[in-house]
Amino acid sequence: MAGSRLEKFGTVFNRVRDLMRSGVIQPTEKPLWYDVYQAFPPKRDPLQVKPRNRPSSQKRETVHDIFYQEDEVRAKFYEQYGAGPWPLDLTKSSYVSMCQRFVNKYTDLKRHSELDESALFEETGKALLSEGLVLRRKGASSVSAESKEPMLRLKLTDMLAEKQSVGVDSKETMDQTTQMETPPIDHSNSKTTG
Amino acid sequence: MKVPLEKQDFFRVSELFSLKELFDARVHLGHKIGCRHRLMQPYLYGCRLDQDIIDLDQTVEYLQQALNFTAHVAYRGGIILFISRRRQFGHLVESTAIDCGEYAHTRYYQGGLLTNAPVQYGPGVRLPDLIVFLSTLNNVFQQHVAIRDAAKMNIPTVGVVDSNCNPSLITYPVPGNDDTPVAMELYCRLFKMTINRAKDKRRQMELLYSFSAPSTPSS
């Protein structure tokens, strides 16, 4: 069957139409999709667009950034509280994350009262606390963390004290026995740094 | 034969999906700004934190047109070929084609498949009347050769174009996500349903004609 293989010029439909008009393709050989295309043409002719690689052709409309007014609240929330206490479950479309609940509360309070931004922030935090949601601040330690850290610190300080006392004892014994030997701790330190 | 073409939505394909379904299937998610193709800009709604969001209002229209075209081609007994070089969805595409009774090609595309078909498959091969691309890119993120070959062989194409694809040569592009499994399952299901609907309608019409008049209608 005759056909035209010039995909760079004209659309599929145009070429078949012109071939039929010129008589190269007989009406009996009309392709199946021809009538369908004629009845329901696409929105845009499928012409091949030549790639323009020159930087001078910059006259294009840029794609807009999508930002909402609640994004300011969300940014502050994430800055202060970090990511929510539990991860987001995106499998359900009706899932409301901690951040979203905060934003909803914030917008509600803003509509009803005329407070300042930072005051509103505090208010929403308190309101959520009253509902039973505890928000942990990023950086500031909460109760459980505090209980752990002093324990760790104590252990470390104990260990250091022990080590120092051991070192002092050994040093004293060393000095008593031989005065030429340098303390082992400093020696190891200099070795690691050097 | 002309009756289906006169109505706008003879096969009622617009009932098969809704905007909410497309949103839930995450069809609106595109790639990052750096991957964006210049020609996809008109189909994009915007850019949220460097990720392109495809305009679902346009997608609904384009998808309706594409499904309508496939339905009409299937109604007229056309051969439909599904192409997708994504290995993640190869099995899904092949099973979709089997369920429709149509054909699929999800393996390495040999250069002369469409352009050199009589030599490769034997003389008198019938080429597909419609090619449906469920992903227009091949494994090296370049445009699939079959798009250009279909345009060469005067075969119309329907394709799901993501924000890093070139939609210019595809007859009926459908801007949408082609990476998420949910979105791919949605497309496969929609195409399967339209083709089955069209074929059932065809059988009904043939039965009606064979009962009402003894002469078969001209195809």
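Residues numbered from 1 in each chain as written. Chains lettered and ligands numbered in written order. Predicted model: local features only at pLDDT ≥ 70, side-chain atom pairs only at ≥ 80, totals over all residues. Heavy atoms only, no water.

Q: Would you explain the environment of V103(A) in this entry?
A: Residue and element names in this part refer to chain A. Within the secondary structure, V103 sits in helix α4 (residues 98-112). In this structure V103 comes out as buried when scored by relative accessible area, which is 1%. Each C-alpha atom of the pair V103 and L90 lies 18 Å from the other, and the pair is 13 residues apart in sequence. In this view, V103 contacts E70, V73 and R74; residues no more than four positions away in its chain are not counted. (Helix = DSSP H or I, 4+ residues; strand = E, 2+ residues; numbered from the N terminus. Buried < 20%, exposed > 50% of the residue type's maximum accessible area, 1.4 Å probe, protein only. Contact = heavy atoms within 4.5 Å.)

Q: Which parts of the structure should I look at to understand the sheet that holds strand β4 (residues 80-84) of chain B?
A: Working definition: the strands of a sheet are paired by backbone hydrogen bonds and lie parallel or antiparallel to each other. Residue and element names in this part refer to chain B. Strand order in this open sheet of five strands is β5-β4-β6-β7-β8, and the pairing throughout is parallel. Strands with a single pairing partner mark the edges of an open sheet, and in this sheet they are β5 (103-105) and β8 (172-175). Sheet twist, expressed as the mean angle between neighbouring strand axes with direction ignored, is 20 degrees. Strand direction decides the pairing type here: strand β6 (residues 130-135) and strand β7 (residues 157-161), joined by three bridges, are parallel. Bridging across to β7, V132 finds its partner in V158. (Pairing = 2+ DSSP bridges. Axes fitted to C-alpha atoms, helices over the stretch in contact; angles between N-to-C directions.)

Q: Could you clarify how one ought to interpret the interface of chain A and chain B in this entry?
A: Frequently, the measure chosen for interface size is the accessible area removed from exposure when the parts meet. Of the residues lining the interface, 38 residues belong to chain A; the matching set on chain B comes to 45 residues. Around 3,400 Å² of area is buried between chain A and chain B when both sides are counted, 58% of it from carbon and sulfur atoms. Taken together, the connections running from chain A to chain B amount to four salt bridges. Taking the shortest distance from any N to any O, the salt bridge between R48(B) and D71(A) comes out at 2.6 Å. Between the two partners, chain A and chain B, sit 13 residue pairs in polar contact (both at pLDDT 80 or more). When contributions to the side of chain A that touches chain B are tallied by element, the ones reaching two or more residues are α1 (12-22), α2 (33-39) and α3 (70-81) of chain A. In terms of residue count, α2(A) provides more of the side of chain A that touches chain B than any other element does, five residues in total. (Buried area = accessible area lost by both parts, 1.4 Å probe. Salt bridge = Lys/Arg side-chain N within 4 Å of Asp/Glu carboxyl O. Polar contact = N/O pair within 3.5 Å; in protein donor to acceptor, adjacent residues only side chain to side chain.)

Q: What should I look at first to understand the pairing of β7(B) in this one?
A: When a strand is regular, its side chains alternate between the sheet's two faces. Residue and element names in this part refer to chain B. β7 sits mainly inside the fold: five of its five residues count as buried. The alternating pattern of β7 places T157, G159 and V161 on one face and V158 and V160 on the opposite face, and all of these are buried. Crossover β6 to β7 through helix α6 (residues 145-152) is right-handed. Bridging between β7 and β8 involves four bridges; their strand directions are parallel. Bridging across to β8, V161 finds its partner in P175. (Right-handed = clockwise from strand over helix to strand, strands pointing away.)

Q: So what exactly am I meant to see when it comes to the pairing of β4(B) here?
A: Residue and element names in this part refer to chain B. Counting buried positions over the five residues of β4 gives five, a clear majority of the element. Side chains I80, F82 and S84 of β4 all project onto a buried face; the interleaved residues L81 and I83 project onto the opposite face, where all are buried too. In this structure, β4 lies alongside β6, joined through five bridges in parallel fashion. Directly across from S84, in β6, lies its bridge partner S135. By the bridge criterion, three bridges tie β4 to β5 in an arrangement that is parallel. Paired with L81 across the bridge in β5 is Y103.

Q: Before we go on, may I ask you to explain the domain arrangement of chain A in this structure?
A: Split into domains, chain A comes out as domain 1 (1-48) and domain 2 (69-86 + 93-131). For domain 1 of chain A versus domain 2 of chain A, the separation of C-alpha centres amounts to 59 Å. (Domains from an automatic or database assignment.)

Q: What am I meant to see in the packing of α4(A) against helix α5 (residues 117-131) of chain A here?
A: Between two packed helices, what matters for the description is the angle formed by their axes and the separation of those axes. Residue and element names in this part refer to chain A. At their nearest, the axes of α4 and α5 sit 9 Å apart, and the two run at 120 degrees to each other. On the basis of their axis angle, the class for α4 and α5 is oblique. In this structure, the crossing between α4 and α5 has a hand that is right-handed. For the pair α4 and α5, contact is made by F102, K105, Y106, L109 and K110 and by E117, L120, F121, E123, T124, G125, A127, L128 and E131, respectively. Across the contact of α4 with α5, the residue classes break down as seven nonpolar, two polar and five charged. (Parallel < 35°, antiparallel > 145°, perpendicular 65-115°, else oblique. Left-handed = near helix turned anticlockwise from the far one by under 90°. Nonpolar A, V, L, I, M, F, W, Y, C, P; charged D, E, K, R; others polar.)

Q: What is the right way to read helix α3 (residues 56-75) of chain B from this model?
A: In an α-helix, one turn spans 3.6 residues, which is why side chains three or four residues apart end up on the same side. Residues and elements named next belong to chain B. Here α3 is 20 residues long and its end C-alpha atoms lie 28 Å apart, about the 28 Å a rise of 1.5 Å per residue gives. Most of α3 sits out of view: 16 of its 20 residues are buried. At the C-terminal side of α3, G77 shows a positive phi close to 80 degrees. (Expected span 1.5 Å × (residues − 1).)

Q: I would appreciate a short explanation of the pattern of salt bridges in the present structure.
A: Pairing is possible between side chains that carry opposite charge, provided their charged atoms lie close to one another. Residue and element names in this part refer to chain A. Here the structure, examined in full by the defined rule, presents 21 salt bridges over all chains. The partner of D18 in a salt bridge is R17, and the shortest N-O contact between them spans 3.4 Å. Judged by its relative accessible area of 28%, R17 is partly exposed. Among the salt bridges present, the one from D71 reaches R74, with a minimum N-O distance of 2.8 Å. Taken together, the residues span about one helical turn, with D71 and R74 both in helix α3 at a distance of three residues.

Q: Just checking my understanding: could you explain the packing of aromatic side chains for this structure?
A: Both the distance between ring centres and the angle between the ring planes are used here to describe each pair of aromatic rings. Counted under the stated rule, the structure contains 15 aromatic pairs over all chains. By way of ring pairs, the aromatic residues F13(A), W33(A), Y34(A), Y37(A), F69(B) and Y172(B) are connected into one cluster. If you follow K43(A) out to its NZ or CZ, it ends over the ring of Y62(B), 5.0 Å from the centre. Above the plane of the ring of F10(B) lies K201(B), whose end atom (NZ or CZ) is 4.9 Å from the centre. (Phe/Tyr/Trp six-rings, centres within 6.5 Å; stacked < 30°, edge-to-face > 60°. Lys NZ or Arg CZ within 6 Å of the ring centre and 35° of its normal.)

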